[in-house]
Each structure stands twice: as C-alpha cells, then as structure tokens.
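These are the residues of each chain, in order.
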Amino acid sequence: MIPESVLKLAEDIKAMRIRGAGRIARAVAKGLAEAATAYTGDSLEEFNEYIRRVAKLLRETRPTAVSLPNAISYILSRYKRDLEYIERVHEARESIITHATEFIKYSLEAVKKIGIIGSHMISSGETILTHCNSSTALEIIIRAFKDGKDIEVFATETRPKCQGYITAGILKRNNVPTVLIPDSAIKSIMKKIDKVIVGADAIAANGAVVNKVGTSLIALAANEASVDFIVAAETYKFSPVTVLGELVEIEERDPREVCSEKFFRYKKIKIRNPAFDITPPEYIDIIVTERGLIPPQAAILVLSEDYGWIIMDRMIKLTSALEE
Ligand code: RUB
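Since this is a predicted model, take the numbers as computed values, not measurements. (Residues numbered from 1 in each chain as written. Predicted model: local features only at pLDDT ≥ 70, side-chain atom pairs only at ≥ 80, totals over all residues. Heavy atoms only, no water.)

A. Just the overall build of the chain, in detail. The number of helices and strands found in the chain is 11 helices and 10 strands. Compactness check: the chain gives a C-alpha radius of gyration of 21 Å against a globular reference of 20 Å for 324 residues, within 12% of the reference. The C-alpha extent of the chain, read off along each of the three principal axes, is 60 × 50 × 50 Å. Counting every position in the chain, which comprises 324 residues, the buried fraction comes to 52%. (Helix = DSSP H or I, 4+ residues; strand = E, 2+ residues; numbered from the N terminus. Rg over C-alpha atoms; globule rule 2.2 N^0.38 Å. Buried < 20%, exposed > 50% of the residue type's maximum accessible area, 1.4 Å probe, protein only.)

In structure tokens form, the structure reads like this:
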C-alpha cells in the first residue's frame, strides 16, 4: 500500500500546492524516500514492484517539468546499479533513501551556485524583468541585491494562476524594490528593462526552453528591444528524450482557471489553457546552470554528458524495434 503521506504529496503536486520545477523534483525525491521508509515487507521483488508503482504515481502528477522524471531516474538508475549487490529489503530501502537525499542536496546546492554565478551578470542600476515564480531566477536576483547591487525588479502577474504575486511577495520580503505589472504590459515596459531572467521547466536538445506560458512572448519583446534574455536552470531540467526527437508535453489545464465556470458554460465558449510555452534558442542569450554559463546551442553537450547512456540505450532499442 502506498503510504498516505506519499499519496498526499502526489495530490499536492497535481493541485499545484507544490509547484515550480525544482520544488517538484525535490518533492518526488522526498516521496520516493518516504515510500521506501514506510515499506514493511521482506520480499525484494515485492519492494521493487512497489517502488515502480510509487514512481509511476509521482511521474504522472504533472507532465511538463522534466525535472520530475529526471529526479526519479537519478534515484532509480543508481538504485538499479546498487541492486547488483543488494540482497535484503533493508539494503534496498537504504539505497533509495541515500540517492533521494543525495538528489535533494544536489538540487539545493545547484540553485545556490546558480545564484552566485548569475548575480555576477547583474550590474548596479539595472532593471530586471522576471516572469512567473522561479526560485532559481529569484536566487540570482536576491543574491545580486544582497551583494549590494542597486536594482529594481518588474514581476509579471502571470495569469491565469498569478504566480507573479508570489514572486513579488518574496522580493518584497527581501526588500528588493519591485513593481508588479499585468502580463499585457510587457511590450511597453520592455524599454525600461536591462535584463530578463526566467526559470525553466524543460530545456530541449536544441536549446529551446519550456517555461510558464507567456515566456516566449517576453523573449520576443526582449529580442526586439535588444534586451538580454537569461534563463536560470539546473542541469536536471535538460530533457534527454528530446535528443531522440520526442517533444516536451505542454500541460493543458482546467479552463476554469482562465475565467469563471458560469461564463464558459453559459456562453458555450471554448477555452484553452496551455500552462507552458516554448522559447526558441535564437531568443535566449545564455542559460545559467550550476556548472556555469551555457549557450542554448550547447544544450546537447550537457545532455550527452549526463544522459549519454540513457540516450544510447533508447537508440539501441529503437534500432532493434525497426529491424524486427
Ligand atoms: C512554474 C514555472 C517556473 C519553472 C522554474 O510553473 O514555470 O518558472 O518551473 O521554477 P508552475 P524553479 O507554477 O506551473 O509550476 O526555478 O523554481 O524550478
């Protein structure tokens, strides 16, 4: 039986009580560790089957942030390696907990490093624009401010879920001068902006960035106004399956987030609510990762370094399927 706390965690991700690609990744790692801890049986086979079910439950909570499946495969691929010498359930449990804890630590340190690296790119007197609520982008901005840089930040509302209010609140708590703007004001505000800094839910092999819907429009406006467009992302947000041509699924959310149920029911108006969009690499100046600055065109290098073996494995399977 999957423990109540893990079922609740999955529900919290679905309902966006836990949201943002980094937080989601750390939450699923915590979920796997909790599930492993709660297992009381003594069959290794049964434990593996149980962990597979937990992983599936967590993987299916939200479709776009690639940090979610990447966090699961970080833990399970290492567990699979350990299985070569694991004989008892308590060792299996220990392996999952160790790798989950390791992932969470890596993730938190990565965000800190991105803050340090990215803050060097901000100069005193600059005005920054950010969209949605990215803890990684915020880490850069708040770090730069704490380093004594005199900056001002424009935060978009980010309709329909208005995560921009969370961003503005966090900036305010850190005393960063902040202005909240409606998303539709982007074009007219852009002439005041020196740098755009956003987070990412997924980065494809060609360097395209998937982030909160509206990001690509901001990139377009920044490009037209020759404003730097910077993406802050940990390397576990790079999507290995895109190397093989798979697309990142864009989450389509409930139309009731866009306008009241009464309106769309009575007027019989069709409403779409895509939660993310894709910014092409041409509009991105640089991606700040924990390993340093990466031009979007070099995304494939990060992917082959980290996931070369997964990519090879998939390619072999694909080739043999074609040959059958
Ligand atoms: C959040 C969002 C964030 C990225 C990066 O979308 O698009 O910009 O997830 O966040 P949602 P972070 O609110 O739908 O989850 O840098 O915190 O990982």
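Still to come is the rest of the account.
B. Focus on helix 2 (residues 21–38). For helix 2, with 18 residues, the first-to-last C-alpha span of 26 Å sits near the 26 Å given by 1.5 Å per residue. Most of helix 2 sits inside the fold, with 13 of its 18 residues counted as buried. (Expected span 1.5 Å × (residues − 1).)

C. Summary view of the packing of aromatic side chains. Under the definition given, this model contains six aromatic pairs. Here the aromatic rings of Phe47 and Tyr79 are separated by 6.3 Å at their centres, their planes lie at 70°, and the arrangement is edge-to-face. Remark: Tyr79 occurs in helix 4 (residues 67–82) and Phe47 occurs in helix 3 (residues 44–59); sequence separation between them is 32 residues. Owing to a relative accessible area of 0%, Phe47 belongs among the buried residues under this scheme. The interplanar angle of 65° and the centroid separation of 5.3 Å between the aromatic rings of Tyr74 and Phe103 together place this pair among those described as edge-to-face. Residue Tyr74 is found in helix 4, and its partner Phe103 is found in helix 5 (residues 89–119); the two are separated by 29 residues along the sequence. (Phe/Tyr/Trp six-rings, centres within 6.5 Å; stacked < 30°, edge-to-face > 60°.)

D. Spatial organisation of the state of the cysteines. In total, this model carries zero disulfides according to the counting rule given. Cys132 takes part in no disulfide bond, and the closest cysteine sulfur to it belongs to Cys162, at a distance of 10 Å. We classify Cys162 as buried; its relative accessible area is 14%. (Disulfide = S-S within 2.5 Å.)

E. Looking closely at the pattern of salt bridges. If you walk through the whole model with that rule in mind, you get 20 salt bridges. The residue Lys161 makes a salt bridge to Glu257 at a minimum N-O spacing of 3.9 Å. Linking Lys161 in the loop between strand 2 (152–156) and helix 7 (164–173) with Glu257 in the loop between strand 7 (228–232) and helix 10 (261–266), this pair joins segments that are 96 residues apart in sequence. Judged by its relative accessible area of 38%, Lys161 falls in the partly exposed class. (Salt bridge = Lys/Arg side-chain N within 4 Å of Asp/Glu carboxyl O.)

F. The arrangement of the pairing of strand 4 (residues 195–198) in detail. On strand 4, burial covers both faces: Lys195 and Ile197 on one face and Val196 and Val198 on the other are all buried. Inspection of the sheet shows strand 1 (residues 127–130) paired to strand 4 by two bridges, in the parallel sense. Residue pairing across strands places Ile128 opposite Lys195, the latter belonging to strand 4. With four bridges joining them, strand 4 and strand 7 adopt parallel strand pairing. The residue bridging Lys195 from the neighbouring strand is Asp228, located in strand 7. (Pairing = 2+ DSSP bridges.)

G. Geometry of the sheet that holds strand 8 (residues 276–279). As summarised here, the arrangement of the three strands in space is 5-6-8, forming an open sheet in which the pairing is antiparallel. This sheet does not close on itself; its edge strands, each paired only once, are strand 5 (202–203) and strand 8. In this structure, strand 6 (residues 209–212) lies alongside strand 8, joined through four bridges in antiparallel fashion. Bridge pairing in strand 8 places Val210 opposite Ile278. Packing of helix 9 (residues 215–224) onto the sheet brings it into contact with strand 6 and strand 8, and relative to strand 8 it is tilted by some 35°. (Contact = heavy atoms within 4.5 Å. Axes fitted to C-alpha atoms, helices over the stretch in contact; angles between N-to-C directions.)

H. Examining the pairing of strand 3 (residues 178–181) more closely. Pairing analysis gives four bridges linking strand 2 to strand 3, with the strands arranged parallel. For Val153, the partnering residue across the bridge sits in strand 3 and is Thr178. Taken together, strand 2, helix 7 and strand 3 constitute a β-α-β crossover, and its handedness is right-handed. (Right-handed = clockwise from strand over helix to strand, strands pointing away.)

I. Representation of the sheet that holds strand 10 (residues 292–294) in the model. Pairing is mixed across the open sheet formed by seven strands, whose spatial order is 3-2-1-4-7-9-10. Looking at which strands have only one partner, the edges of the open sheet turn out to be strand 3 and strand 10. Each strand axis lies, on average, 25° off the axis of its neighbour in the sheet, ignoring direction. Relative to the sheet, helix 7 contacts strand 1, strand 2 and strand 3, its axis offset from that of strand 3 by approximately 170°. Each of strand 1, strand 2, strand 4 and strand 7 touches helix 9; the most contacted strand, strand 7, lies at about 145° to it.

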